Amino acid sequence: MYRFDRDALLLTPGPLTTSLRTKQAMLHDHGSWDSGFNGITAEVCKELLRIAQGQDTHVCVPLQGSGTFAVEAALGTLVPRQGKVLVPNNGAYCARIVKILHYLGRETVELVFPEDQQADPQSIAVALQRDPAITHVALVHCETGAGILNPLTDIADVVKAEGRRLIVDAMSSFGALEIDVQRLSIQALIAATGKCLEGVPGMGFVIAERQSLLDAQGNCHSLALDLCDQWQYLQKTGQWRFTPPTHVVAALREAIVQFHEEGGRSARLARYSANCDALVHGMTQLGIKPFLSESVQAPIIVTFHAPEHPEYAFKALYEHVRAQGFILYPGKLTQTETFRVGCIGAIDAHDMAKAVAAIGHSLRALQWLA
Ligand SMILES: *Cc1c(COP(=O)(O)O)cnc(C)c1O
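Residues numbered from 1 in each chain as written. Predicted model: local features only at pLDDT ≥ 70, side-chain atom pairs only at ≥ 80, totals over all residues. Heavy atoms only, no water.

Novice: Before we move on, could you go through the pattern of salt bridges and cite the residues and values that matter?
Specialist: Considering all chains together, one arrives at 15 salt bridges under this definition. Here E209 ties to R165 by a salt bridge, and the two come within 2.8 Å at their closest N and O atoms. Remark: R165 occurs in strand β8 (residues 165-169) and E209 occurs in strand β10 (residues 203-209); sequence separation between them is 44 residues. Assessed through its relative accessible area of 23%, R165 is described here as partly exposed. For R271, the salt bridge identified is with E198, shortest N-O distance 2.9 Å. A residue pair is termed long-range when its members are at least 10 positions apart, and R271 in helix α10 (residues 264-286) and E198 in the loop between β9 (186-192) and β10 qualify at 73 residues. There is no split in this pair, since R271 and E198 are both buried. Look at the salt bridges and you will find they share partners, linking E198, E262, R268 and R271 into a network. (Salt bridge = Lys/Arg side-chain N within 4 Å of Asp/Glu carboxyl O. Helix = DSSP H or I, 4+ residues; strand = E, 2+ residues; numbered from the N terminus. Buried < 20%, exposed > 50% of the residue type's maximum accessible area, 1.4 Å probe, protein only.)

Below, the structure is given as structure tokens:
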């Protein structure tokens, strides 16, 4: 039995552990027509745009739902029906983009890379040169499946040089890793509340190039996911088109205040990097090895090889560690038996050290250590 009168720490990359202040911000009911709430929405959008460094060129369009809703909305709104999308694929979230594009009936070219290797800018350049019909590249910045970091800047340079447009799923990197949507000519960046901004889940947002969004009017197949319509209505009325996730927006505002108090993006990256270092160091000492090499590992989520024991089962490890107050995440690789540990959320390196101790304790109890 879990001994403490507090929530277990979520070592999962969304939902994740939030601060008490962020939770307390949800103890209010806001009306969707209320000017107070509309002010919160406007403030949040302005802050998100600033963090993306897109004030002069881009707009922020919030959208109800989990992150995938915003990915589908961005692709459905911005890729023309006759468009063709290149998807560098090195993991589960890249594969999800491919699946979305099939649903949307957009022509898709998959460029497959191994799950432990970064998407290669040079191969992307060659693929674009070979096929002038490709209009867009849809890139996952941090592939949360394995935790690998894709080289966004180099790929953005290639896409720009070849005269195509870039859409970035920055769900698990935005707020921690450096992204400048204007300098990188990113047509749309997609992220959500419940990741590195440390809000609660329930809302995605798209930082879209203003002109591209205006040009996309009438393109979207779906009313609920039409970002153009969502943005224009918000501009006109200050309100969301349909019932807004009021508590999620209020929590996000409070989370962003704390983001700035901490020292902004670079301070957040420093904390996550310290979390990641403490985690990898401690697990390596237990004999549990990271799946990725250090040079391609993003400090967001780490995939570990499962202990090589014939009776290993994630569920049992999960329950043992859960009883000590930490929530692990299953692996998402197709070939290898792994589990994952997130580095993000309102946690620090001391929490990570305790989590490692709990994992070590569990593995010893289960007699799974070599
Ligand atoms: C979390 C995440 C998403 C969105 O997943 P949801 O379950 O819909 O919130 C998309 N892409 C990446 C890279 C993610 O990490």
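Moving on, there is more to tell.
Novice: Outline the side chain of R106, listing residues and values.
Specialist: Locating R106 in the fold gives a position in the loop between α4 (92-104) and β4 (107-112). Buried R106, no salt bridge; nearest opposite-charge side chain is E72, N-O distance 9.5 Å. Within the structure, the side chain of R106 is placed 3.0 Å from the backbone oxygen of V79, a separation counted as a polar contact. With sequence-adjacent residues up to four places away left out, R106 is seen in contact with L75, G76, V79, P80, R81, L101 and N219. (Lys, Arg positive; Asp, Glu negative; His and termini not counted. Polar contact = N/O pair within 3.5 Å; in protein donor to acceptor, adjacent residues only side chain to side chain. Contact = heavy atoms within 4.5 Å.)

Novice: Can you tell me about the domain arrangement of the protein, naming the residues and giving the values?
Specialist: The domain boundaries assigned to the protein delineate domain 1 (9-16 + 264-365) and domain 2 (20-260). The straight-line distance from the C-alpha centre of domain 1 to that of domain 2 is 27 Å. It is R265, R268 and K332 in domain 1 that bury the most area against domain 2; as a group they hold 27% of the surface buried on that side. Counting across the interface, domain 1 meets domain 2 through 3 salt bridges. Remark: the boundary between domain 1 and domain 2 carries 15 residue pairs in polar contact (both at pLDDT 80 or more). For the side of domain 1 that touches domain 2, the element with the most residues is α10, which contributes 6 residues. For the side of domain 1 that touches domain 2, the per-class residue count stands at 15 nonpolar, 6 polar and 5 charged. (Domains from an automatic or database assignment. Buried area = accessible area lost by both parts, 1.4 Å probe. Nonpolar A, V, L, I, M, F, W, Y, C, P; charged D, E, K, R; others polar.)

Novice: Quick rundown of the pairing of β9? Include the residues and the values.
Specialist: Within a regular beta strand, the side chains point alternately toward one face of the sheet and then the other, so they alternate between its two faces. Counted residue by residue, β9 has 7 buried out of 7 residues, so it is predominantly covered. Alignment of β8 against β9, held across 4 bridges, turns out to be parallel. Residue pairing for β9: L166 is matched across the bridge by I186. Summarising the sheet, β9 and β10 pair through 5 bridges and their orientation is antiparallel. Bridge pairing in β10 links A188 to A208. (Pairing = 2+ DSSP bridges.)

Novice: I'd like a description of the packing of aromatic side chains, backed by residues and values.
Specialist: Using the criterion set out here, one finds 4 aromatic pairs in the structure. When the ring of F304 is compared with that of F339, the centres are 5.9 Å apart and the planes differ by 35°; the resulting orientation is tilted. Note that F304 is positioned in strand β11 (residues 301-305) and F339 in strand β14 (residues 338-342), a separation of 35 residues in sequence. A single burial state applies to F304 and to F339, both of which are buried. (Phe/Tyr/Trp six-rings, centres within 6.5 Å; stacked < 30°, edge-to-face > 60°.)

Novice: Account for empty space enclosed by the protein, with residues named and values stated.
Specialist: If a probe the size of a water molecule is rolled over the atoms, the empty space left behind becomes visible. A full pass over the atoms with the stated rule returns 1 cavity of 30 Å³ or more. The volume enclosed by the largest cavity comes to roughly 30 Å³. Lining the largest cavity are V71, L75, I97, A138, L139, I167, V168, D169 and I190. Of all the elements in the fold, those that place two or more residues in the lining of the largest cavity are α3 (67-78), β5 (136-140) and β8. Examining the composition of the lining of the largest cavity, we find that 3 residues originate from one element, β8, more than from any other. Broken down by class, the residue content of the lining of the largest cavity amounts to 8 nonpolar, no polar and 1 charged. (1 Å grid on protein atoms, 1.4 Å probe; cavity = no way out; pocket = protein on both sides within 12 Å on 5 of 7 lines; lining within 4 Å. Points joined across faces, edges and corners; volume = space filled by probe spheres on them.)

Novice: Go over the nonpolar core, please, and point to the residues and values.
Specialist: Counting residues in hydrophobic clusters, the biggest one holds 48 residues, and the most contacted among them are L48, L166, F174, I186, L189, F205 and I207. Secondary structure elements with two or more residues in this core: α2 (35-51), α5 (121-130), β5, α6 (152-161), β8, β9, β10 and α9 (246-262). It is α2 that contributes the most residues to this core, 7 residues altogether. If sequence neighbours within four positions are ignored, F174 has contacts with L48, I51, A52, I179, L189, A191, C196, L197 and F205. (Core = buried A, V, L, I, M, F, W, Y, C linked by side-chain atoms within 4.5 Å.)

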